[in-house]
Amino acid sequence: MILKRLAILGLLLSLTWCSAHTVKPNEQAIASAHLAATQAGIGILNKGGNAFDAAVAVSAVLAVVEPFSSGLGGGGFWLLHESKGNRQIMVDGREVAPLAAHRDMYLDTAGEVINKASVDGALAAGIPGLPAALAHLSEHYGRLPLSVTLQSAIRLAEEGFLVNEHYQRLARFRQAALLNGEAARAIFLVDGNVPALGTLIKQKDLALTLKLLAGNGFDGFYKGEVAKRLVEGVRASGGIWTQQDLASYTVKERHPVVIDYNGMKITTAALPSSGGLVLSLALNILEQYDLQTMDEESRIHLIVEAMRRAYRERALHMGDSDFFNVPAEVLTEKSYAKQLAHNLDLKKATVSQKVSGLNNAEGHDTTHFSIIDRDGNRVAATLSVNYPFGSGFVPAGTGVLLNDEMDDFSIKPGVPNVYGLVGGEANAIEPKKRMLSSMSPTFMETDTMVGILGTPGGSRIISMVLLGILDAQAGNGSASWVSLPRYHHQYLPDTIEYEEGAFSKAVLLGLTGKGHSLKRKEQRYGNMQVILWNKVANKITAASDPRGEGIAVVEKVANR
Ligand code: DON
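The rules behind the values
- Residues numbered from 1 in each chain as written.
- Predicted model: local features only at pLDDT ≥ 70, side-chain atom pairs only at ≥ 80, totals over all residues.
- Heavy atoms only, no water.
- Helix = DSSP H or I, 4+ residues; strand = E, 2+ residues; numbered from the N terminus.
- Rg over C-alpha atoms; globule rule 2.2 N^0.38 Å.
- Buried < 20%, exposed > 50% of the residue type's maximum accessible area, 1.4 Å probe, protein only.
- Contact = heavy atoms within 4.5 Å.
- Areas by Shrake-Rupley, 256 points an atom, 1.4 Å probe, with all protein chains shown as cover.
- Lys, Arg positive; Asp, Glu negative; His and termini not counted.
- Charge placed at Lys NZ, Arg CZ, Asp CG, Glu CD.
- Near = heavy atom within 4 Å.
- Polar contact = N/O pair within 3.5 Å; in protein donor to acceptor, adjacent residues only side chain to side chain.
- Nonpolar A, V, L, I, M, F, W, Y, C, P; charged D, E, K, R; others polar.
- Expected span 1.5 Å × (residues − 1).
- Pairing = 2+ DSSP bridges.
- Axes fitted to C-alpha atoms, helices over the stretch in contact; angles between N-to-C directions.
- Core = buried A, V, L, I, M, F, W, Y, C linked by side-chain atoms within 4.5 Å.
- pLDDT = per-residue confidence, 0-100.
- Phe/Tyr/Trp six-rings, centres within 6.5 Å; stacked < 30°, edge-to-face > 60°.
- Lys NZ or Arg CZ within 6 Å of the ring centre and 35° of its normal.
- Parallel < 35°, antiparallel > 145°, perpendicular 65-115°, else oblique.
- Left-handed = near helix turned anticlockwise from the far one by under 90°.
- Salt bridge = Lys/Arg side-chain N within 4 Å of Asp/Glu carboxyl O.

**Student:** Mind laying out the overall build of the protein, listing which residues take part and the relevant values?
**Tutor:** Of the regular secondary structure elements, the protein holds 20 helices and 18 strands. Computed over its C-alpha atoms, the radius of gyration of the protein comes to 23 Å, within 12% of the 24 Å expected for a compact globule of 560 residues. Every one of the 560 residues in the protein was classed for burial, and the buried ones make up 60%. Pairs at least 24 apart in sequence give 73% of the contacts found in the protein among residues at least 6 apart. Total accessible area on the protein stands at roughly 21000 Å², and carbon and sulfur atoms take up 53% of it. Positive and negative charge centroids in the protein, built from 54 and 56 side chains respectively, lie 4 Å apart.

The following block contains the structure:
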């Protein structure tokens, strides 16, 4: 009996030890959207690099092999956890509007939106942040030089990668934009056509640009020959960039948004991503209810109502906080969520204001990866060029495919962007301002676990991460977070979009009965990459979304 008691005491003590003095993982793991990127990252970890070095390598390889998702011509957010000092920080490498940009730049003289002007071609591109962020990560957080961490990306750009079905689908979708410029057409199409499966895509100019970044850091991209060619190419095609735009680009370090949801600490993206605030609003509404004891239909109804209210706040109040006074403190207060929930009826859908003509993109571009190293350092990063293949424009001699992130601004109040999102003054275009994003790299933490997650998917990123968090709270593991069928509501349009299999017939009927309008998505969406570290068992699992072609690898740490 005494022995048994002692054994239980021992177990309790070891659990407390685990939680209070975080053990180091016995494993390291990377989940990314592409095999080559995961391999490159693991290679860097095994060369003595830390999670931040691996993040540089993974970001750079994704920039080469997933040109439709992210790249040197784009930007992103890298959420970091430094195990030493238990510090969490968001590295903000979001694009900024050029100095010559102005709020009505995509409107004609009658004040109407010029078709595709913020989506296709040089004028659609914000000043890229990704190269600066890689230099920043390497300099401030890494152990290895860029000449080592960018090696795999340079080799893949020189030697080429193989076209797969995903590439073909997105190239077909953006063929018209890619046909518009000589360089993009020559790199990504074959005689103007979508390349056949297995075609090798080599990017010689991109390899040279990467080498200059590896050799000279920030200056290799934002000053000198590359910068000159970028600006010349953009201006020759109707864009407004200047050398000063590039030379003055700055990475920002932000305090992430931290949410306490039923005892789970959630650390996630700060403005200029709306992700953290929208998640905070939704979770603070949901915390007022006991989801676990609710029947399925009521739970889904409630989650949808929380999404509706949280996305509404996005449209009304959110933008780059360096330019607009976003009431972030109010928005994250539990009491504010109480106010938002005051008219939440568990029996009936609340009606969002009606708008029509919204056109949501499918969201199979942009990219996310998650990393944990042997010291417990972590990275969750979501990177983007916005639409598939960004603006479709490559300035000659650079190999850099430019983003069309300017479309994430509110180009006219109430006019939806490609993801159907509306906005107003808070997210209006201003020189040097960062456009509002939905990218939500996220950590979850309790005494017994650490989770790392994120996904592409435009406006649906936030609802996907929300469903992932709720699934983790319900006790499910990493494979479940990435594969569970998804549903989404973003205030406007006033519709629940859902994937096949998300709702049973009975739940569908029940939701319709409550007054919801529902629309089944033709295609499944998202490409979530996650890691779960069970601290009690000291065991890591990782998972890659079955909707994509990514690879998650967990490796035993040798010589510990
Ligand atoms: O920053 C954003 O919110 C968007 N530019 C992300 C775009 C995206 O996720 C595309 N979809 N898969």
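**Student:** Talk me through the site of the ligand; I want residue IDs and the actual numbers.
**Tutor:** Near the ligand, the surroundings consist of 17 residues, among which E405, D408, S437, S438 and G458 are the closest. Measuring from an oxygen atom of the ligand, one finds a side-chain N or O atom of T366 at 3.0 Å. A per-class count over the shell around the ligand returns four nonpolar, nine polar and four charged.

**Student:** I'd love a proper account of helix α14 (residues 275-286), names of residues and values included.
**Tutor:** With twelve residues, α14 ought to run about 16 Å at 1.5 Å a step, and its terminal C-alpha atoms sit 16 Å apart, in line with that. Listed in full, the buried residues belonging to α14 are G275, G276, L277, V278, L279, S280, L281, A282, L283, N284, I285 and L286.

**Student:** With reference to specific residues and values, describe the sheet that holds strand β6 (residues 252-254).
**Tutor:** Within the open sheet, the seven strands sit side by side as β6-β3-β2-β10-β9-β1-β18. Their pairing is antiparallel. Sheet topology places β6 and β18 (551-556) at the edges, where each strand pairs with a single neighbour. The mean angle between the axes of side-by-side strands here comes to 10°, regardless of whether they run parallel or antiparallel. Where strand β1 (residues 27-32) meets strand β9 (residues 367-372), three bridges bridge the pair, whose relative direction is antiparallel. By the bridge assignment for β9, A29 is matched with I372.

**Student:** So, unusual backbone geometry: which residues are in play, and what are the values?
**Tutor:** Here L271 and P272 are connected by a cis peptide whose omega angle stands at 15°. Position of P272 among the secondary structure elements: in the loop between β8 (264-268) and α14. Cis geometry marks the peptide bond from L492 to P493, where omega comes out at 0°. Structurally, the position occupied by P493 is in the loop between β13 (487-488) and β14 (496-498). With a phi close to 60°, F389 is a non-glycine residue in the positive phi region. Structurally, F389 is set in the loop between β10 (378-384) and β11 (442-445). With a phi angle near 80°, Y491 is a residue other than glycine that sits in the positive phi range.

**Student:** Explain the pairing of strand β17 (residues 539-544) to me, using residue names and the numbers behind them.
**Tutor:** Where strand β16 (residues 529-534) lies against β17, six bridges are found, and the strand directions are antiparallel. The partner of W533 across the bridge, within β17, is I540. The antiparallel hairpin formed by β16 and β17 contains four residues in its connecting segment, where N538 sits at a positive phi of about 45°.

**Student:** Mind laying out the nonpolar core, listing which residues take part and the relevant values?
**Tutor:** One broad trend across soluble globular proteins is that nonpolar side chains are buried collectively. Formed by 84 residues in total, the largest nonpolar core has its most connected members in L286, M318, M444, L466, Y487 and F503. Excluding residues within four positions of it along the chain, F503 makes contact with I300, Y487, I496, Y498, L508, L511 and L518. The next biggest cluster of nonpolar side chains, apart from the first, holds 82 residues, and it includes A60, I89, A214 and I371.

**Student:** How would you sum up the confidence of the model for the protein? Please name residues and give values.
**Tutor:** Overall, the predicted model of the protein reaches an average pLDDT of 94, with 94% of residues at or above 70. This stretch, residues 1-21, has a pLDDT under 50; its non-local contacts, to residues over four places away or in other chains, come to nine contacts. Residue range residues 354-361 is modelled with pLDDT below 50. Its contacts to residues more than four positions away, or to other chains, number 19 contacts.

**Student:** Break down the packing of aromatic side chains for me, with residues and values.
**Tutor:** Under the counting rule described, the total for this entry stands at twelve aromatic pairs. Centre to centre, the rings of F68 and F389 are 5.7 Å apart; their planes meet at 65°, and the pair counts as edge-to-face. Remark: F389 occurs in the loop between β10 and β11 and F68 occurs in the loop between α3 (51-65) and β2 (75-82); sequence separation between them is 321 residues. Through a chain of ring-to-ring contacts, three or more aromatic side chains come together here, namely F68, F161, Y167, F188 and F389. Above the ring of F443, the side-chain terminus of R378 is found at 4.9 Å from the ring centroid. Positioned over the ring face of Y525 is R460, at 4.7 Å from the centre of the ring.

**Student:** I'd like to hear about the packing of helix α15 (residues 296-317) against helix α18 (residues 460-473), residue by residue, with values.
**Tutor:** In contact at an axis separation of 11 Å, α15 and α18 are set at 140° when each is read in the N-to-C sense. Here α15 is positioned oblique relative to α18, judged by the angle of their axes. Seen along the crossing, α15 lies across α18 with a hand that is right-handed. Across the interface between the two elements, I303, M307, Y311 and R314 of α15 pack against R460, I462, S463, L466, L467 and L470 of α18. Broken down by class, the residue content of the contact of α15 with α18 amounts to seven nonpolar, one polar and two charged.

**Student:** An account of the sheet that holds strand β12 (residues 449-453) is needed here, citing residue identities and associated values.
**Tutor:** Pairing between the strands of a sheet comes from backbone hydrogen bonds, and it takes one of two forms, parallel or antiparallel. On the basis of which strands lie adjacent, the open sheet formed by six strands has the order β7-β8-β11-β12-β16-β17 and antiparallel pairing. What marks the edges here is a single partner per strand, and that holds for β7 (257-261) and β17. Taken over all neighbouring pairs, the strand axes of this sheet differ in orientation by 15° on average, direction set aside. Inspection of the sheet shows β7 paired to β8 by five bridges, in the antiparallel sense. Along β8, the bridge assignment pairs V257 with T268. Strands in contact with α14 are β7, β8 and β11; relative to β7, the strand with the most contacts, it is inclined by about 15°.

**Student:** Before we move on, could you go through the side chain of S273 and cite the residues and values that matter?
**Tutor:** Inspection of the secondary structure assignment puts S273 in the loop between β8 and α14. Taking relative accessible area as the criterion, S273 reaches 0% and is therefore assigned buried.

**Student:** With reference to specific residues and values, describe the environment of H255.
**Tutor:** Take H255: it is sitting in the loop between β6 and β7. C-alpha separation for the pair H255 and V194, spaced 61 residues apart in sequence, amounts to 43 Å.

**Student:** Report on the pattern of salt bridges, specifying residues and quantitative values.
**Tutor:** Following the criterion strictly, the structure yields 33 salt bridges and no others. Among the salt bridges present, the one from E27 reaches K539, with a minimum N-O distance of 2.8 Å. Of this pair, E27 sits in strand β1 while K539 sits in strand β17, and the two are 512 residues apart along the sequence. A residue is classified by how much of its surface remains accessible, and K539, at 44% relative accessible area, is partly exposed. Note that E500 and R520 form a salt bridge whose closest N and O atoms lie 3.6 Å from each other. Pair noted here: E500 is in the loop between β14 and α20 (505-513) and R520 is in strand β15 (residues 518-520), with a separation of 20 residues, a long-range link. Taking relative accessible area as the criterion, E500 reaches 57% and is therefore assigned exposed.

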